[in-house]
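# Coordinate inspection notes
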Amino acid sequence: MKITLSWLKDYLETEASLEEITERLSMLGLVVDDVTHPGRAFKDFSVAEVIQAGPHPNADRLKVCQVKTGKQTLEIVCGAPNAHTGMKAVLAPIGAVIPATGKALKLGKIRDVESQGMLCSTFELGLAEQSDGGIMELDADAPVGAPFAQYLGIDDPVIDIEITPNRGDCLGAYGLARDLAVSGLGTLKTLQIPEIAGQFKSDILVEIDPITTDVCTMFAGRLICGVKNCPSPDWLQHRLRAIGLRPISALVDVTNYLAYDLGRPMHVFDADKLSGNLNIRFAKTGEKIQALDDKEYNLDDSMIVVADRQQAHSVAGVIGGEESGCTLETTNVFVESAVFDALSITMTGRKLNILTDSRYRFERGVDANQVIPAMEKATAFILEHCGGEVSEIEIAGSLPKAPVSVAFRPDRVKELVGIDVPKAEIAEILSKLGFGLDRENFEKWNIAVPTWRHDVAIEADLVEEVVRIHGYNDIHSIPLPKPGHTTQVDKVGSKRRHRSWAVRRALASHGMNEALTWSFLQEDRAKLFGGGSAELKLINPISADLSDMRPSLLPNLIDACQRNHNQGRANTALFEIGPQFYNTTPDGQQWIVAGVRSGENHRRHWQYPVRPVDVYDAKSDALEALKACGINVDKVQIVSKAPNWYHSGRCGTLCLGPKNTLAYFGELHPATLKSMEAQGPMVGFEVMLQNLPSKGQGKGRGGKKLVMSPYQPVERDFAFVVDQDIAAGDVIKAVRKAESKLITDVTLFDLYQGKGVPEGKKSLALSVRLEPQQATLTDAEIAAVCDKIVAQVASAVGGELRG
């Protein structure tokens, strides 16, 4: 919402500076995003008078002008055909930056005649989209020497305010001024509304279809005959341009002006292009309208239109139709002012993908009581600048009969916010904001909500209003509980939060960088990872490429790795902790740790060989995340399968038992990467935090306390011959089970198939570490443990010691 300072002061009597006004707006919850000064682009430009325009001695099409600046007379060479003696023009002195080019004007000679400045055209000043070949001629009474920005009326600061969706009452200068006045920063001026009596009965009547009365409660219209459409007055054009609107004509500009003046959307029809009376009805399915944005829209029976007996002429509250739009040839107009349902306007605007100032205001709520005052103000403007004769106002429907009432207990201000505001001040604040007070008793008040405050419905809303005006800076901070004093809030989600912290630290130590990506992605990529269902599609996505809730964290991480590759960073390792979505049930959102590595396992180094990342890198990352969560990875089973976005035969699943899946890992399937236009090799992993058992949480990594034995450890190597389809992990698990209290580490250091090993078999060489806790092991005890290991492997997987 943009507004100029002078426009705001049309309704606010104040001596406050621009800085004080912007600061107060922000304190009121109307945050000022920016303040611009359009006139600064013309700070060096001024009004000048051409006291003589003579021919150039060396060029037929050029003139040498003697230009009076108010302080001196300059000689300027000008090629404009309309340059003449006695005219007022805009002077750019040497050094001024020309808006159209962005370049500073330099002193130079044109055909041997020195030019000491420049007389500017509207195009060169940036005030026209194309040049007409002439310089800008100002009014005869333009004061010579006056700053051009001041003369043009654009030396006015423009305030850009972020209006929250609940404050539709502040989408106009009057509403903003009202809030500032209530806060003590001036006095609200009385809104001057003319009363214009109709001179005849309108030939065009209005009616609301009975089935649409819930979405159009009131529609008012007035016929004005014999108008002469023309450009708006300069002051209005300047204000519209300052807030980013393009002036069109007086009949159109007045509706745009009132939208920002009173926050009241309106529309003006060319009455000669209407056929009979106007009817507010639901559109017919398949009905079409050519709108003012030069686009044709297909309507359906959920949308409200304003139509005559032949066709729809506007999508009610959203956009007008081109067929009945006003032009400079328009002589008779029908002015509309109405109240439309916010939800209906929102749904229509979204379906048609149209965002206009009218829709923006209606869907945030407009003041129903402004229907007739806005009509009168628009009528007065048209009569003043376009002439004509006016009819009586035609009205269909009616205004709300009684304001909404809310029960309010003044003591709730302190209970909810912690500020002790006196009851007298509470009453004064609410009264100045337009709320009606009926004090039934000392403890409970009945508050009538004004028609412009659609956001106030419950007692807490009134508390917010009181605190907003009283001042948020009076809310004192309360320190958090001291360590050891756990609150109920702290318990909620603490398990996930602690695990997330531990995983971040572990994966960062493992050489990975944390990423934060969107929770959305495009449909075709969602389908690659098991998503893309209709229930997970966004109704109003922020982008066509972000249409679905993500079924996995991997695709966005893959994209991020590829972007890094495209920028010359081929070796990338990223992880993310966040939700992924399966359905809309309470259990359909899972908290996941996922990571992707691409390129090579590390940068080139003279001591260490470089290789492409592979499945074992992903497995290592997944196990590192599980260790950080307190999981004893020695007890985790590995299954050689994973979802189809992993490469078959180069992936795995980490489980605790047959049903509890903890993680997936592996090389990403080449077909998946090709569909995502990503270059391999890439590996990834996914750890399901919600599937992890809580036992061991908080006991440190791995869930074990580090105990250093004072006795000599022993290492023994074994080479077992097993069937080639036996997993090495199963052999390691069998070894550990043989003597779990003594065996602290089992490492696979060799795999062999070939001469000396029967066909269909393989040899696995393991190093086993024994660490006694009570006494040094004797040779007999070591031999007994070795025998147990051999027996356990033979029993569990059918392995034999290699001869």
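Overview of the structure. (Residues numbered from 1 in each chain as written. Predicted model: local features only at pLDDT ≥ 70, side-chain atom pairs only at ≥ 80, totals over all residues. Heavy atoms only, no water.)

## With respect to the layout of surface pockets
Taken as a whole, the second largest pocket spans an internal volume of roughly 870 Å³. Val252, Asn256, His267, Leu292 and Gly320 are, among the 31 residues lining the second largest pocket, the residues nearest its centre. Contributions of two or more residues to the lining of the second largest pocket are made by α6 (250-261), β18 (267-270), β23 (312-315), β24 (319-320) and α8 (357-362). Looking at the lining of the second largest pocket residue by residue, the class counts come to 16 nonpolar, ten polar and five charged. (1 Å grid on protein atoms, 1.4 Å probe; cavity = no way out; pocket = protein on both sides within 12 Å on 5 of 7 lines; lining within 4 Å. Points joined across faces, edges and corners; volume = space filled by probe spheres on them. Helix = DSSP H or I, 4+ residues; strand = E, 2+ residues; numbered from the N terminus. Nonpolar A, V, L, I, M, F, W, Y, C, P; charged D, E, K, R; others polar.)

## Digging into the environment of arginine 359
Of note, arginine 359 is situated in helix α8. When the C-alpha atoms of arginine 359 and alanine 316 are compared, they prove to be 9.1 Å apart, with 43 residues separating the residues in sequence. What arginine 359 contacts, discounting residues up to four positions off in sequence, is Gly317, Val318, Ile345, Thr346, Gly349, Arg350 and Ile354. There is a polar contact of 2.7 Å between the side chain of arginine 359 and the backbone oxygen of isoleucine 354. (Contact = heavy atoms within 4.5 Å. Polar contact = N/O pair within 3.5 Å; in protein donor to acceptor, adjacent residues only side chain to side chain.)

## Considerations on the nonpolar core
Judged by nonpolar contacts, the single largest core of 80 residues is most densely connected at Leu25, Leu176 and Phe408. Aside from chain neighbours lying at most four places away, what touches leucine 176 is Met1, Ile3, Leu8, Leu25, Leu30, Ile161, Ile163 and Cys170. Phe219, Leu223, Val305 and Ala338 belong to the second-largest nonpolar core, a separate cluster that totals 36 residues. (Core = buried A, V, L, I, M, F, W, Y, C linked by side-chain atoms within 4.5 Å. Buried < 20%, exposed > 50% of the residue type's maximum accessible area, 1.4 Å probe, protein only.)

## Looking at the packing of helix α19 (residues 728-738) against helix α20 (residues 779-797)
At a minimum axis separation of 8 Å, α19 and α20 run at an interaxial angle of 135°. Classified by the angle their axes make, α19 and α20 are oblique. For the element pair α19 and α20, the recorded crossing hand is right-handed. On the side of α19, the interface is formed by Asp730, Val731, Ala734, Val735, Lys737 and Ala738, while α20 contributes Lys788, Ile789, Gln792, Val793, Ala796 and Val797. Across the contact of α19 with α20, the residue classes tally to eight nonpolar, one polar and three charged. (Axes fitted to C-alpha atoms, helices over the stretch in contact; angles between N-to-C directions. Parallel < 35°, antiparallel > 145°, perpendicular 65-115°, else oblique. Left-handed = near helix turned anticlockwise from the far one by under 90°.)

## Structural notes on the sheet that holds strand β42 (residues 761-770)
Pairing in this open sheet of four strands is antiparallel, and the strands run β41-β42-β40-β43 from one edge to the other. Looking at which strands have only one partner, the edges of the open sheet turn out to be β41 (743-752) and β43 (800-801). Sheet topology places β41 next to β42; eight bridges connect them, and they run antiparallel. Note that in β42 the partner of leucine 751 across the bridge is leucine 764. Where α19 meets the sheet, it contacts β40 (714-723), β41 and β42, and its direction lies at approximately 145° from that of β41. (Pairing = 2+ DSSP bridges.)

## Considering the packing of aromatic side chains
Tallied over the full model, the rule gives eleven aromatic pairs. Considering the side-chain rings of phenylalanine 340 and phenylalanine 362, the 5.3 Å spacing of their centres and the 70° angle between planes classify their relative orientation as edge-to-face. In this pair, phenylalanine 340 is assigned in strand β25 (residues 333-340) and phenylalanine 362 in helix α8, connecting sequence segments 22 residues apart. By the burial criterion, phenylalanine 340 is buried, and phenylalanine 362 matches it. A network of ring pairs unites the aromatic residues Trp7, Trp235 and Tyr257 as a single cluster. Across the ring face of tyrosine 260, the terminal group of arginine 361 is positioned such that the distance to the ring centre comes to 4.4 Å. Here arginine 364 stacks its cationic end above the ring of tyrosine 360, 3.7 Å away from the centre of that ring. (Phe/Tyr/Trp six-rings, centres within 6.5 Å; stacked < 30°, edge-to-face > 60°. Lys NZ or Arg CZ within 6 Å of the ring centre and 35° of its normal.)

## Digging into unusual backbone geometry
For the peptide bond that leads from glycine 680 to proline 681, omega is 0°, which places it in the cis range. As for its placement among the helices and strands, proline 681 is situated in the loop between α18 (670-675) and β39 (682-688). For arginine 111, which is not glycine, the phi torsion reads 55° and is therefore positive. Looking at the secondary structure, you find arginine 111 in the loop between β10 (108-110) and β11 (113-115).

## Some remarks on the pattern of salt bridges
Opposite charge on two side chains permits them to pair, given that their charged atoms come into close proximity. Inspection of every chain in the model, using the stated rule, returns 39 salt bridges. Across the salt bridge formed by glutamate 287 and arginine 281, the nearest N and O atoms sit 2.9 Å from each other. Arginine 281 sits in the buried class, given a relative accessible area of 13%. Sharing partners across several salt bridges, the network here consists of Arg167, Asp169, Asp179, Arg453, Asp455, Glu465 and Arg468. (Salt bridge = Lys/Arg side-chain N within 4 Å of Asp/Glu carboxyl O.)

## Let's talk about α6
Think of an α-helix as 3.6 residues a turn; residues three or four steps apart then line up on the same face. Taking 1.5 Å of rise per residue, twelve residues should cover 16 Å, and α6 covers 15 Å from first to last C-alpha, within 8% of that figure. The buried fraction of α6 is high, at ten of twelve residues. Inspection of α6 places Ala250, Leu251, Asp253, Val254, Thr255, Tyr257, Leu258, Ala259, Tyr260 and Asp261 among the buried residues, and these make up the whole buried set. Just downstream of α6, glycine 263 is the residue with a positive phi angle, here 70°. (Expected span 1.5 Å × (residues − 1).)

## A closer look at the packing of α6 against helix α9 (residues 371-386)
Interaxial distance between α6 and α9 falls to 10 Å at its minimum, and their mutual angle equals 145°. Here α6 and α9 pass one another in a crossing that is right-handed. Where α6 abuts α9, its residues Ala250, Leu251, Val254, Leu258 and Asp261 lie against Ala374, Lys377, Ala378, Phe381, Ile382 and Cys386. Of the residues that constitute the contact of α6 with α9, the class distribution is nine nonpolar, no polar and two charged.

## Points about the side chain of threonine 212
Checked against the element boundaries, threonine 212 lands in the loop between β16 (206-208) and β17 (216-225). Residue classification places threonine 212 among the buried positions, given a relative accessible area of 0%. A polar contact is formed between the side chain of threonine 212 and the backbone oxygen of aspartate 209, at a distance of 2.7 Å. The contacts of threonine 212, once residues within four sequence positions are left out, are Ile280, Arg281, Phe282 and Ile304.

## Points about the sheet that holds strand β29 (residues 436-439)
Spatially, β28-β30-β29 is the arrangement adopted by the three strands of the open sheet, whose pairing is antiparallel. The strands lining the two open edges of the sheet, one partner per strand, are β28 (405-408) and β29. Taking each pair of neighbouring strands and ignoring which way they run, the sheet shows an average axis angle of 25°. Judged from the four bridges that link them, β29 and strand β30 (residues 445-448) form a sheet pairing that is antiparallel. Looking at the pairing, aspartate 438 lines up with asparagine 446 of β30. Sitting on the sheet, helix α12 (residues 459-470) is in contact with β28 and β30, with an inclination near 75° to β28.

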